[in-house]
Amino acid sequence: MKVEKIDHIGIAVRYLDSALKLYTDTFKLDLIKIEEFEDLKVKVAFIPVGDVLVELIQPSSPDAPLAERIDTHGEGLYHLAFRVENINEALRELKANRIEMRDNEPRAGGMGSRIALSRPDSTNNVIIELVERPDGV
């Protein structure tokens, strides 16, 4: 598996609007996009910092798995995403190394990417996200 770089850092937040103010007003960073993922019941704001994105992730429903996680663990670091050259190859390698995955097949992610998430108990209680992006993104 070839990890090219850190693609993004996901931060779980209760309220996207107030979290955005911290990053845009205080740190003077620019919001480039907000996407909603109905299957995951989350709304995600994308904020570039150099070559890395910060993703602010808000549950869009009280029954979202992320809402439960925030209720139990609070807001904060949710996942670390590694950009990989070939997500299928990376998934095979992680499975061969007994890393338990939440996603056994790649699925659609933000901004045209394909992603797969690990189970946090298999990766030091931090979800590792694999990200494969189309060329030029």
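Summary of the structure given here. Values in this document were obtained by computation on a predicted structure and should not be read as measured data. Here the residue numbers are simple positions, counted from 1 along each chain's written sequence. Restriction of local features to residues with pLDDT of at least 70 applies here, the model being predicted, together with a cutoff of 80 or more for giving and counting side-chain atom pairs; totals for whole chains, interfaces and linings are based on all residues. Heavy atoms throughout the structure, all of them, feed into the side-chain values; hydrogens and water do not.

This part is about the overall build of the chain. Within the chain, the regular secondary structure consists of three helices and eight strands. Put simply, DSSP H or I for four residues or longer makes a helix, DSSP E for two residues or longer makes a strand, and each gets a number counted from the N terminus. Helices and strands appear in the chain in the N-to-C order β-α-β-β-β-α-β-α-β-β-β. With the C-alpha coordinates of the chain rotated into their principal frame, the extents come out at 40 × 35 × 25 Å. Type-normalised accessible area, obtained with a 1.4 Å probe on protein chains alone, sets the label of each residue: buried when under 20%, exposed when over 50%, and partly exposed for intermediate values. Within the span of the chain, comprising 137 residues, buried residues form 42% of the whole. Surface exposure of the chain reaches about 7900 Å², of which carbon and sulfur atoms provide 49%. Note that His is not counted, nor are the chain ends; the positive residues are Lys and Arg, and the negative ones are Asp and Glu. Positions of charges follow a simple convention, taking NZ of Lys, CZ of Arg, CG of Asp or CD of Glu. Measuring between centres, the 18 positive side-chain charges of the chain sit 1 Å from its 25 negative side-chain charges. We get accessible surface area from the Shrake-Rupley algorithm with a probe of 1.4 Å; when it comes to residues, only the shown protein chains can shield them.

The subject of this paragraph is helix α1 (residues 16-26). Listed as buried for α1 are L16, A19, L20 and Y23. Seen along its axis, α1 keeps its buried residues to an arc of 100 degrees; they face one direction. For α1, exposure combined with an orientation more than 90 degrees from the buried face picks out D17, K21 and T26. For this analysis, residues touch if any pair of their heavy atoms sits within 4.5 Å. Buried positions along α1 lie against β1 (3-12), β2 (33-37), β3 (42-49) and β4 (52-59). Two residues or fewer past α1, K28 is found with a positive phi of approximately 60 degrees. Note that the arc is computed from the directions linking the helix axis to the C-beta atoms.

Mapped onto the secondary structure, H79 falls in strand β5 (residues 76-84). Using a relative accessible area of 4% as the deciding quantity, one classes H79 as buried. At a separation of 3.0 Å, a polar atom in the side chain of H79 contacts the side chain of H8. Any pair of N or O atoms that falls within 3.5 Å is considered a polar contact. Within protein, one atom must be able to donate a hydrogen and the other to accept it, and sequence-neighbouring residues count only if both atoms are side-chain atoms.

Our focus in this paragraph is the pairing of β5. Of the pairings in the sheet, the one linking β1 to β5 comprises eight bridges and is antiparallel in character. Its bridge partner being in β5, I6 is matched across the sheet by F82. Pairing between β5 and strand β8 (residues 127-132): five bridges, direction parallel. Within β8, the position partnered with R83 by the bridge is V131. The pairing criterion for strands is at least two bridges between them, as found by DSSP.

Of all the residues in helix α2 (residues 65-73), the buried ones are L66, A67 and I70. Looking straight down α2, one finds its buried side chains confined to an arc of 105 degrees; they lie on one side. Set apart from the buried face of α2 by more than 90 degrees, the exposed residues are P65, E68, D71, T72 and H73. Those residues of α2 hidden inside the fold are in contact with β1, β3, β4 and β5. At the exit of α2 stands G74, carrying a positive phi of roughly 85 degrees.

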